[in-house]
Amino acid sequence: MQSYDVVIVGGGMVGAALALSLSETSLRTVVIDQYRLKPDLVSESDPYSPRVSALTEASVQLFKRLGVWDTLLSQRVCPYRHMRVWDGEGTGEIAFDAGSTGYPQLGYIVENPVIRASLLKGLENTSVDLLEVSGELTFRQLEAGYEVLVESGQAFHCRLLVGADGAESAVRKWAGIPQSQKDCLHHAIVTTVEIEKNHQDTAWQVFLDTGPLAFLPVPDQNDRHYCSIVWSLLPERADEVMSLDEEAFCKVLGNAFEHRLGKIIRADQRYRFPLKHRHARQYYREGIVLVGDACHTIHPLAGQGVNLGLQDVETLSRELIRACERGDDIAGEHILGRYQRHRKGANMTMLAAMDGFQHLFHADDLAIRWLRNTGLKLANNSHLIKECIVKQAMGISETR
């Protein structure tokens, strides 16, 4: 049996970021994943990934501290300096611009494989071990810590077991940590589309009766313009949209988007997944702790999912590093309890906000439509309100 201080199950963006955060400590750490743990950097000629994240300033600062931001920039990163949000069933609209924040951009749209590859590249030549496995993992509680068993017969003992293994977390399920779950009643269709006009370094989002539609800017290629789209639809409508051929899909998509960027020229392969809000009732239990999607998932309409996970990493790694420096028990309830107290409120606030947005813009009542359109117009005319909204979305308060 190999012995570690920390076993991180899951080598996605959040798990890799946590491992890198701990890499310069004396904590012996291993990352275990069923997927490839080699840094397959993305080149300009590679196809776009359909899954992207809108990185906030708080997440960018974390990547800079981890020494991987330059690696991200060397691949494909698209800053966005403006945001336009409007009600597709009314006249309400609000616009945000980076100029009001003191930062050159509101955030960055980055493909998830670019983020993950950069973090894995950063883990090269560190003390962290990376283990690619096949088959399911099994877990066993020992007198002191836990044992993680791999189908190949390998066994790993640890003082702290971290679940960074996504929404269907095997660690969370085995630990018996309950979670609340709410079906958003929508499915998301994601893909990359070529558009006629330049995206103007702008993130666009329209709220339709059928659900929100986002056009997120990605880098141009050979003077051709592209956006990553996230289209939230009721399941029946998603069935219809997924069944369309490419030409019909581009036409329907263009109509829904009001052709704000001209014609939709073509679309990559479409992917679809159901949307659910999930939130673990506890973030830890007896030397087991959850981060990222293993702990919470939200509607992608604000692009905050991975940012919440990265702030989990920021907080948990800080607590573990302090405990390590003091010679304290990294799996102690007082350590993991502080992590939960710092993160649970912020995550619950974001979950509630996304739930509220969904209900507000999905409501068909005429009075609610009038209120939301009037609210958008009033907010758009208030510099103070807009500044508060955009700084909260950027996570600026968490970086200063």
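Residues numbered from 1 in each chain as written. Predicted model: local features only at pLDDT ≥ 70, side-chain atom pairs only at ≥ 80, totals over all residues. Heavy atoms only, no water.

Formally: UniProt positions are given in the numbering used here, feature names are shortened, and annotations may be inferred rather than shown by experiment.
In the nomenclature of an unreviewed UniProt entry, the protein is known as UbiH/UbiF/VisC/COQ6 family ubiquinone biosynthesis hydroxylase of Endozoicomonas gorgoniicola. Here the protein is described in UniProt, under the heading Sequence similarities (unreviewed entry), as follows: "Belongs to the UbiH/COQ6 family."

1. So, the overall build of the protein
In plain terms, the rule: Under the DSSP-based scheme used, a helix requires at least four consecutive residues in state H or I and a strand at least two consecutive residues in state E, with every element numbered from the N terminus. Buried residues are those whose accessible area, probed at 1.4 Å on protein chains only, stays under 20% of the maximum for their type, while exposed residues exceed 50% and partly exposed ones sit between those limits. Contacts are assigned to residue pairs that have any heavy atoms within 4.5 Å of one another. Surface accessibility follows the Shrake-Rupley procedure with a 1.4 Å probe radius. Residue values consider only the protein chains on display as shielding.
Along its length, the protein carries 11 helices and 20 strands. Among the 400 residues that make up the protein, the fraction classed as buried is 55%. Of the contacts made within the protein by residues no fewer than 6 positions apart, 74% connect residues no fewer than 24 positions apart. For the protein, the exposed area adds up to about 17600 Å²; of that, 51% sits on carbon and sulfur atoms.

2. Things to note about the sheet that holds strand β3 (residues 52-55)
For clarity, the threshold we go by: We treat two strands as partners when DSSP finds at least two bridges between them. An axis is simply a line fitted to the C-alpha atoms; with a helix, the fit covers only the stretch in contact. Between two such axes, the angle follows the N-to-C directions and lies from 0 to 180 degrees.
Overall, antiparallel pairing links the 3 strands, which are arranged β3-β7-β4 in an open sheet. In this open sheet, the two strands that pair with only one neighbour each are β3 and β4 (77-80). Within this sheet the neighbouring strands show an average axis-to-axis angle of 25 degrees, counted without direction.

3. Notes on the pattern of salt bridges
Using the following cut-off: Throughout this description, the term salt bridge denotes a Lys or Arg side-chain nitrogen within 4 Å of a carboxyl oxygen of Asp or Glu.
The final tally for this structure, using the stated rule, is 23 salt bridges. Of the charged contacts in the structure, one is a salt bridge between Asp40 and Arg36, with a shortest N-O distance of 2.8 Å. Note on Asp40: relative accessible area 42%, which makes it partly exposed. The class of Arg36 is partly exposed, set by a relative accessible area of 46%. Put simply, Glu194, Arg224, Arg266 and Asp268 are held in one network by salt bridges that share partners.

4. Some points on the side chain of Ser228
Among the structural elements, Ser228 can be located in strand β15 (residues 224-233). We classify Ser228 as buried; its relative accessible area is 1%. Not counting residues within four places of it along the chain, the set of residues in contact with Ser228 comprises Pro50, Val52, Thr191, Thr192, Ala214, Phe215, Leu216 and Val218.

5. Some thoughts on the packing of aromatic side chains
What counts here: Only centres within 6.5 Å qualify two rings of Phe, Tyr or Trp (six-membered ring in Trp) as a pair; their planes then separate them into stacked at under 30 degrees, edge-to-face at over 60, and tilted for everything else. Should the NZ of a Lys or the CZ of an Arg lie within 6 Å of a ring centre and within 35 degrees of the ring normal, that charge is described as sitting over the ring.
Scanning the entire structure with this criterion turns up 11 aromatic pairs. When the ring of Tyr48 is compared with that of Tyr226, the centres are 5.1 Å apart and the planes differ by 45 degrees; the resulting orientation is tilted. Within this pair, whereas Tyr48 is found in the loop between β2 (29-33) and β3, its partner Tyr226 is found in strand β15, the two being separated by 178 residues in sequence. The class for Tyr48 is buried, based on a relative accessible area of 9%. Cluster of aromatic residues (ring-pair linked, three or more members): Trp86, Trp204, Phe215 and Phe257. One residue, Arg51, lies across the ring of Phe273, its end atom 4.4 Å from the ring centre. Between the NZ or CZ atom of Arg270 and the centre of the ring of Phe249, over which it lies, the distance is 4.3 Å.

6. Some remarks on helix α1 (residues 13-22)
Where burial is concerned, most of α1 is hidden: 10 out of the 10 residues are buried. Burial in α1 covers these residues: Met13, Val14, Gly15, Ala16, Ala17, Leu18, Ala19, Leu20, Ser21 and Leu22.

7. Observations concerning the packing of helix α2 (residues 57-66) against helix α8 (residues 305-326)
What counts is decided by this rule: Comment on the angle field: the value is read as roughly parallel under 35 degrees, roughly antiparallel over 145, roughly perpendicular from 65 to 115, and oblique elsewhere. If you view the pair so one helix is near and one far, a crossing is left-handed when the near helix is turned anticlockwise from the far one by less than a right angle, and right-handed when it is turned clockwise. Gly is placed with the polar residues, together with every amino acid not listed as nonpolar (Ala, Val, Leu, Ile, Met, Phe, Trp, Tyr, Cys and Pro) or charged (Asp, Glu, Lys and Arg).
Contact geometry for α2 and α8: axes closest at 9 Å, N-to-C directions at 45 degrees. It follows that α2 is oblique to α8 by the angle criterion. The way α2 lies across α8 gives a crossing that is left-handed. Residues Ala58, Ser59, Leu62, Phe63 and Arg65 of α2 form the contact with α8, whose own contacting residues are Asn307, Leu310, Gln311 and Glu314. Its residues assigned to classes, the contact of α2 with α8 comprises 4 nonpolar, 3 polar and 2 charged.

8. Points about the environment of Asp312
Structurally, Asp312 is set in helix α8. Sequence separation of Asp312 and Leu290 is 22 residues, and the distance between their C-alpha atoms is 8.9 Å.

9. Points about the packing of α1 against α8
α8 packs onto α1 with a crossing angle of 25 degrees between their chain directions and a minimal axis gap of 9 Å. By the angle between their directions, the pair α1 and α8 is classed as roughly parallel. The element α1 and its partner α8 pack so that their crossing is right-handed. Here α1 contributes Met13, Val14, Ala17, Leu18, Ser21 and Leu22 to the contact with α8, which in turn contributes Val306, Gly309, Leu310, Val313, Leu316, Ser317, Leu320 and Ile321. Split by residue class, the contact of α1 with α8 holds 11 nonpolar, 3 polar and no charged.

10. Structural notes on the environment of Arg266
What counts, and what does not: Contacts described as polar in this section are N or O atom pairs within 3.5 Å, which, within protein, must combine one atom able to donate a hydrogen with one able to accept it, while residues neighboring in sequence count only if both atoms come from side chains.
Take Arg266: it is sitting in strand β16 (residues 264-267). Separated by 16 residues in sequence, Arg266 and Cys250 have C-alpha atoms that sit 6.5 Å apart. Each residue touching Arg266, except ones within four places of it in the same chain, is listed here: Thr192, Val193, Glu194, Arg224, Tyr226, Glu246 and Cys250. A polar contact is formed between the side chain of Arg266 and the side chain of Asp268, at a distance of 2.8 Å.

11. Considerations on the nonpolar core
Just so we agree on the cut-off: Side-chain atoms within 4.5 Å are what join buried Ala, Val, Leu, Ile, Met, Phe, Trp, Tyr and Cys residues into a set we call a nonpolar core.
Val7, Leu55, Leu72 and Leu161 are the most contacted members of the largest nonpolar core, which totals 71 residues. Broken down by element, the residue count for this core peaks at 8 residues, all from α1. In this structure, Ile195, Leu213, Trp231 and Ala238 belong to the second largest nonpolar core, which totals 23 residues.

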